[in-house]
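Results of the structural survey
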Amino acid sequence: MMPQAKTVTIKKGGVMQTKKIFLPESEMPRQWYNVAADMPTPMEPPLHPGTGQPVGPEDLAPIFPMPLIEQEVSQERFIDIPDEVMEKYLIWRPSPLYRAYGLEKFLDTPAKIYFKNEGVSPAGSHKPNTAIAQAYYNKISGTKRIITETGAGQWGSALSYCCALFGLECKVYMVKVSYQQKPYRRMMMETWGGTCVASPSTETEAGRKILKQNPDSPGSLGIAISEAVEMAVQDDEAKYALGSVLNHVMLHQTINGLECQKQMKIAGDYPDIIIGCCGGGSNFAGLSFPYVRDKVNGKDIDIIGVEPTACPTMTRGPFAYDFGDNNQMTPLLPMHTLGHTFVPEGIHAGGLRYHGMAPLISQLILDNLIRPVAIPQLETFEAGITFARTEGFISAPETTHAIAEVIRQAIQAKEEGKEKVILFNWSGHGLVDMAAYDAYLSGKLADHELAQEEIQRALNDIAPLPKPRQYTG
Ligand SMILES: Cc1ncc(COP(=O)(O)O)c(C=O)c1O
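1. Describing the layout of surface pockets
In this approach a probe as big as a water molecule rolls over the atoms, and the regions it shows empty are the leftover space. In this model, the largest pocket occupies a volume close to 570 Å³. Taken together, 35 residues line the largest pocket, and the ones lying closest to its centre are Pro46, Glu72, Val73, Asn247 and Leu333. Class assignment of the residues belonging to the lining of the largest pocket gives a composition of 25 nonpolar, eight polar and two charged. Of the pockets and cavities examined, the second largest pocket occupies roughly 230 Å³.

Here is the structure:
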């Protein structure tokens, strides 16, 4: 039995309308969902960067605690959420599901638009869903400090916050262009007790190498990961943490989609279309994977991942083995990639500037269960402004990519005269990204055409690497 909706409703034209759907805390899912258990094609293994052989748990032990390594390779469909993690989740979870009446009305669409508001976490995005779990498993495994990288600063601030909850130190290498664009994220990290350094930095071999080649490098997630991994492997008391891409990160994020399935039932609707923006893929995976399970079991859902045209990993990058970082320190992952040396333009959606895509998402694209699209920066900001003026919330620049696709789909539903149910992940607020909105509103932003030669140059660097069975290069 589903609980009765405890919601405030308003009367409009004689019809009661529910704006927000809350899930009672007692109904919060107690397990995460592991999509690997339901994938039609088994995943290919990560390979050792030196030997090219599949990596074993012992290869990952210098950088990750064992419980996370076990989750990384698990085939269990559901994995229990520890009580200590549940207790922290309750600080902001379950997050509310909203119906976007204002946006629907503005677009004059027959589509029903729902969004899951992940901006209610203390850090302002979905990132603490995995940061809490990663901090917890590190704590119980004896780690003293966690070293990581961050793009836009959302992940770094989320991890700093969650390390503070569990009494761990946190050090963050932040992509330089974002470090300069978003000083408030660094201040948030410091407020929660973390340390934040602009990457490329002079602290590491990897950073110095890049600075020697290009002293003005804007940085990239691939470079920042190299710096963080390099520091973590040298320090016995430290581990490394990744805020996206890996299987265990996708797993932790599914708390959101599992909640959402219950909330959509309360709303009395089932999504025809599910949309999320994709950097490494974690917020999109979190909302959509429980529905991917439904799709595998026969439901007809269009599940759309949105990336920037300036970093078109899924739409223009081949499925290949590649390193997760610029300096070739991580295992080779089977994924859509633009090549680990690819450095995207300094677009404002810093969290979407990653050369690779989660292997789980990449495989689901090959299996036609997920469909990628790429949208240019100006359209996404226009969508963000429309959303702010119709729904009120100011979205993170990453999130505006999802909104732009929602608007495209809602307009198409109108043209086709179909009452589609559209669900998207509102992955975070943009209240510390106002410089980006300012740049857009004052006409300073441009779209970046990415030449094929530029992609090809980075892809040449992965040509000698081993190839997965379903290589698409
Ligand atoms: C608000 C927000 N949404 C989305 C992303 C993209 O990351 P992922 O694809 O892992 O969800 C980020 C990354 O920083 C983010 O901060």
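From this point, the discussion proceeds with the structure in view.
2. Thoughts on empty space enclosed by the protein
All chains considered together, the criterion is met by three cavities of 30 Å³ or more. Estimates place the volume of the largest cavity at around 370 Å³. For the lining of the largest cavity, the elements supplying multiple residues, two or more each, are β8 (145–150), α6 (154–165), α10 (221–233) and α12 (282–296). Taken together, the residues of the lining of the largest cavity break down into 10 nonpolar, 17 polar and three charged.

3. With respect to the site of the ligand
Around the ligand, the surrounding shell holds 18 residues, and the nearest of these are Ser244, Gly279, Ser282, Asn283 and Ser427. Residue Lys127 places a side-chain N or O atom 3.2 Å away from an oxygen atom belonging to the ligand. At 2.7 Å, a side-chain N or O of Ser282 approaches an oxygen atom of the ligand. With the chains in place, 98% of the 390 Å² that the ligand exposes on its own is no longer accessible. One can see that the ligand is located within the largest cavity.

4. Thoughts on the sheet that holds strand β12 (residues 273–277)
In sheet architecture, strand pairing relies on hydrogen bonds along the backbone and comes in two forms, parallel and antiparallel. The seven strands lie next to each other as β3-β6-β7-β17-β12-β13-β16, forming an open sheet whose pairing is mixed. Two strands in the sheet have a free side with no partner beyond their single neighbour: β3 (20–21) and β16 (371–375). Pairing between β12 and strand β13 (residues 302–308): five bridges, direction parallel. Within the sheet, the bridge partner assigned to Gly276 lies in β13 and is Gly305.

5. Regarding helix α18 (residues 452–460)
Within the span of α18, buried status applies to Ile455, Ala458 and Leu459. Across the axial projection of α18, the buried residues extend over an arc of 100°, all falling on one side. For α18, the elements touching its buried residues are α13 (313–316).

6. Looking at helix α5 (residues 128–140)
Here α5 spans 18 Å end to end across 13 residues, near enough to the 18 Å set by a 1.5 Å rise per residue. Of all 13 residues in α5, 11 are buried, a share of seventy percent or more. Among all positions of α5, only Pro128, Asn129, Thr130, Ala131, Ile132, Ala133, Gln134, Ala135, Tyr136, Tyr137 and Asn138 are buried. Remark: Gly142 follows α5 within two positions and exhibits a positive phi of approximately 90°.

7. Here we look at the environment of Tyr173
Along the chain, the position of Tyr173 falls in strand β9 (residues 169–175). For Tyr173, a relative accessible area of 0% puts it in the buried group. Sequence separation between Tyr173 and Tyr240 is 67 residues; the distance between their C-alpha atoms is 11 Å.

8. Observations regarding the packing of aromatic side chains
The relative placement of two aromatic rings is captured by the distance of their centres and the angle of their planes. Applying the stated criterion to the full structure yields 18 aromatic pairs. A centroid spacing of 5.4 Å and a plane angle of 85° characterise the contact between Tyr98 and Phe393, whose relative ring orientation is edge-to-face. Highlighted residues: Tyr98 in strand β6 (residues 97–99) and Phe393 in the loop between α15 (377–391) and α16 (399–416), separated in sequence by 295 residues. Ring plane angle 85° and centroid distance 5.5 Å describe the contact between Phe381 and Tyr437, whose orientation is recorded as edge-to-face. Highlighted residues: Phe381 in helix α15 and Tyr437 in helix α17 (residues 434–441), separated in sequence by 56 residues. Neither residue differs from the other here; Phe381 and Tyr437 are each classed as buried. Every member of this aromatic cluster is reached through a ring pair, and the members are Tyr98, Phe115, Phe387, Phe393, Phe424 and Trp426. One Lys or Arg, Lys88, reaches over the ring of Phe166 and ends 5.3 Å from the middle of that ring.

9. Topic: the sheet that holds strand β11 (residues 238–240)
Read from one edge to the other, the open sheet built from four strands follows the order β10-β9-β8-β11, with strand pairing classed as parallel. What marks the edges here is a single partner per strand, and that holds for β10 (195–199) and β11. Adjacent strand axes in the sheet meet at a mean angle of 25° when their direction is disregarded. Judged from the five bridges that link them, β9 and β10 form a sheet pairing that is parallel. Bridge pairing in β10 places Tyr173 opposite Val197. Docked against the sheet, helix α8 (residues 183–191) engages β8, β9 and β10, running at close to 170° with respect to β9.

So, how was this worked out
- Residues numbered from 1 in each chain as written.
- Predicted model: local features only at pLDDT ≥ 70, side-chain atom pairs only at ≥ 80, totals over all residues.
- Heavy atoms only, no water.
- 1 Å grid on protein atoms, 1.4 Å probe; cavity = no way out; pocket = protein on both sides within 12 Å on 5 of 7 lines; lining within 4 Å.
- Points joined across faces, edges and corners; volume = space filled by probe spheres on them.
- Nonpolar A, V, L, I, M, F, W, Y, C, P; charged D, E, K, R; others polar.
- Helix = DSSP H or I, 4+ residues; strand = E, 2+ residues; numbered from the N terminus.
- Near = heavy atom within 4 Å.
- Polar contact = N/O pair within 3.5 Å; in protein donor to acceptor, adjacent residues only side chain to side chain.
- Areas by Shrake-Rupley, 256 points an atom, 1.4 Å probe, with all protein chains shown as cover.
- Sits in = over half its atoms within 2 Å of the grid points.
- Pairing = 2+ DSSP bridges.
- Buried < 20%, exposed > 50% of the residue type's maximum accessible area, 1.4 Å probe, protein only.
- Arc of directions from axis to C-beta.
- Contact = heavy atoms within 4.5 Å.
- Expected span 1.5 Å × (residues − 1).
- Phe/Tyr/Trp six-rings, centres within 6.5 Å; stacked < 30°, edge-to-face > 60°.
- Lys NZ or Arg CZ within 6 Å of the ring centre and 35° of its normal.
- Axes fitted to C-alpha atoms, helices over the stretch in contact; angles between N-to-C directions.

So yeah, pure geometry; function would need other evidence.
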